[in-house]
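# Summary of the model geometry
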Amino acid sequence: MQCATINDWTQRYRNALALDVIKQQAVIPGVPVEGLDRDEIEVACLRLETALKKIFVPTTRCCSVIQAEIERALAHALRVYTDPKAVLTAAYQGVPFIEPYTPTLLTGPAGTGKSELRKALQRVLSGSRLLRIDESHPMVPLIDHAEVIVGKQRSIGGVLRPLAGPEIAAGRVRIKEPELPGQCARWQRMCGTCLLVADEFQFLAQSAGASALITRTLLAIADIGLPWLAIGNYSMCHKLLARPSEDTQRLLGRPTLLLPDPPESCDWHATLAEYHKVCSQVVSFKLDDFFRELWNLCAGLKREVVKILVHAYRIARLHGRVQFDWSDVKAAFASVELFALRRDVNLLIAYAAQGGVLRSDLRCPFSGAEISAAHDRYAEQLRMARAERVTASVLDSALTAPERNTLAIVQARLCDQPMDPTAEIIPIKRPKKKTLKDL
């Protein structure tokens with residue numbers, strides 16, 4: 001069997017760098033959901049929601065973030081794996097100290113798809129195989145990237161153990177917490193891992209003393225010595241900014257903002273097109289025809305679009321219909337079930353229009369030329385959403401009752417599906433002209 005070469009550690013990242021490769025590996029297209037009318041209402045809603053949540057459209061911004069992280073992984077591989085026997089050195093002697101990498105801190109409003117980006121990166125870097133270093137040693141794994149999902153872990157040990165090798169992860173070998181980063185570094189070096197992703201810090205952010213716990217957890221992950229991507233919401237970033245400068249300098253050197261796509265962008269239209277594929281049998285209009293209206297209802301947050309569409313379908317079914325129309329979408333947004341969504345969207349729009357005080361979980365903690373420009377573009381879209389709402393309210397208030405009824409009829413006709421071109425046309429017999437004798 002052929003022994004490993006340096007290219008085995010580096011070429012896998014070079015192969016994944018092209019944007020076309022990233023898009024092809026990351027995308028999850030929409031699949032039409034059939035037979036929902038035969039299911040109970042909540043069963044059908046759950047099937048529809050599951051199918052919509054699976055969709056991932058690799059936007060321009062997502063692809064640029066993924067590409068940058070792959071480049072960091074490649075740089076680390078070129079730095080560390082200069083000799084195939086570096087793996088054996090780590091196994092026997094451990095890993096020499098490497099200055100910890102500053103994490104790429106991916107943040108943004110809840111619902112923009114940060115965790116979905118992590119899953120997309122996982123699909124792009126999904127390689128895992130075995131290599132033979134030489135004839136005297138067993139084969140070693142080659143893993144493209146590792147993940148740590150913080151979730152409801154309440155200790156640093158609980159977070160790091162899955163990265164320290166199967167024996168430690170399973171609890172068959174006991175390691176003291178201060179020794180865990182070194183064991184993780186050793187195992188990940190043996191596995192050829194050159195990128196680490198950490199996600200779901202929101203539960204740590206809710207605990208008492210969350211600021212100190214989050215900081216200690218992040219610093220422990222940094223001590224593993226891998227390039228890494230940390231995903232957190234605005235609240236976590238605000239807590240980190242309150243820490244001493246020596247912590248913020250190590251952890252907040254690479255903030256990266258993920259904001260919703262503009263309503264006119266190709267990415268937003270592509271996303272709605274995939275949503276329409278899933279909903280094709282249960283929606284009476286084309287979602288892309290209401291691309292700006294849908295954006296205004298959810299401030300561009302894709303997770304909220306899914307909630308609105310699913311509840312609109314629920315409302316239609318409760319009224320005995322198998323398809324929902326635009327009036328159901330508006331009713332869903334105004335419903336008590338989506339109160340929290342509506343409140344947050346209204347707060348974002350109001351803050352963009354008139355300033356004031358905004359909750360920390362909705363307010364970006366960072367500033368700078370690039371981040372400010374991105375936020376200014378997003379705020380401008382929110383102000384346009386407010387202006388359109390005001391205009392619609394003024395026009396609606398000016399309508400008389402007959403005009404409002406006529407408008408409702410016109411909108412209902414616009415939402416109707418076009419006639420099936422394969423349908424049978426029944427000719428209507430026209431009467432002959434009456435003659436004088438007939439009269």
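As shown above, the structure is provided for reference.
Read on for a plain summary of the structure. Since we're looking at a predicted model, the values are computed, not measured.

### Looking at the packing of aromatic side chains
- Evaluated as defined, the whole model comprises six aromatic pairs.
- Seen from their ring centres, F285 and F290 are 5.1 Å apart, and the 75° between their planes marks the pair as edge-to-face.
- The exposure class of F290 is buried, given its relative accessible area of 17%.
- With a centroid separation of 6.2 Å and 85° between ring planes, the pair formed by F285 and F324 is classed as edge-to-face. Of this pair, F285 sits in the loop between helix 13 (266–279) and helix 14 (291–298) while F324 sits in the loop between helix 15 (302–318) and helix 16 (326–334), and the two are 39 residues apart along the sequence. Considered together, F285 and F324 belong to a single accessibility category, that of buried residues.
- In this structure an aromatic cluster arises from ring pairing among F285, F290, F324 and W326.

### Thoughts on the pattern of salt bridges
- Going through the model one piece at a time under the given rule, you end up with 24 salt bridges.
- When salt bridges that share partners are traced, they join R343, D344, R359 and D361 into one network.

### Focus: the sheet that holds strand 7 (residues 254–257)
- In spatial order, the strands read 4-5-6-1-7; together these five strands make up an open sheet with parallel pairing. In this open sheet, the two strands that pair with only one neighbour each are strand 4 (146–149) and strand 7. Each strand of the sheet is rotated relative to its neighbour by a mean of 20°, with strand direction disregarded.
- Summarising the sheet, strand 5 (residues 196–199) and strand 6 (residues 228–231) pair through three bridges and their orientation is parallel.

### Considerations on empty space enclosed by the protein
- One pass over the full model with this rule turns up two cavities of 30 Å³ or more.
- Considering only enclosed or pocket space, the largest cavity measures out at about 50 Å³ in volume.
- Around the largest cavity sit T59, R61, C62, T112, L258, L259, P260, D261 and K302, which together line it.
- Across the lining of the largest cavity, the residue classes tally to four nonpolar, two polar and three charged.
- In this structure, the second largest cavity occupies an estimated 30 Å³ of space.
- Lining the second largest cavity are H76, A185, Q188, R189, I224, G225 and L226.
- In terms of residue count, the dominant contributor to the lining of the second largest cavity is helix 9 (residues 180–190) (three residues).
- Class assignment of the residues belonging to the lining of the second largest cavity gives a composition of three nonpolar, three polar and one charged.

Rules and cut-offs
- Residues numbered from 1 in each chain as written.
- Predicted model: local features only at pLDDT ≥ 70, side-chain atom pairs only at ≥ 80, totals over all residues.
- Heavy atoms only, no water.
- Phe/Tyr/Trp six-rings, centres within 6.5 Å; stacked < 30°, edge-to-face > 60°.
- Buried < 20%, exposed > 50% of the residue type's maximum accessible area, 1.4 Å probe, protein only.
- Helix = DSSP H or I, 4+ residues; strand = E, 2+ residues; numbered from the N terminus.
- Salt bridge = Lys/Arg side-chain N within 4 Å of Asp/Glu carboxyl O.
- Pairing = 2+ DSSP bridges.
- Axes fitted to C-alpha atoms, helices over the stretch in contact; angles between N-to-C directions.
- 1 Å grid on protein atoms, 1.4 Å probe; cavity = no way out; pocket = protein on both sides within 12 Å on 5 of 7 lines; lining within 4 Å.
- Points joined across faces, edges and corners; volume = space filled by probe spheres on them.
- Nonpolar A, V, L, I, M, F, W, Y, C, P; charged D, E, K, R; others polar.

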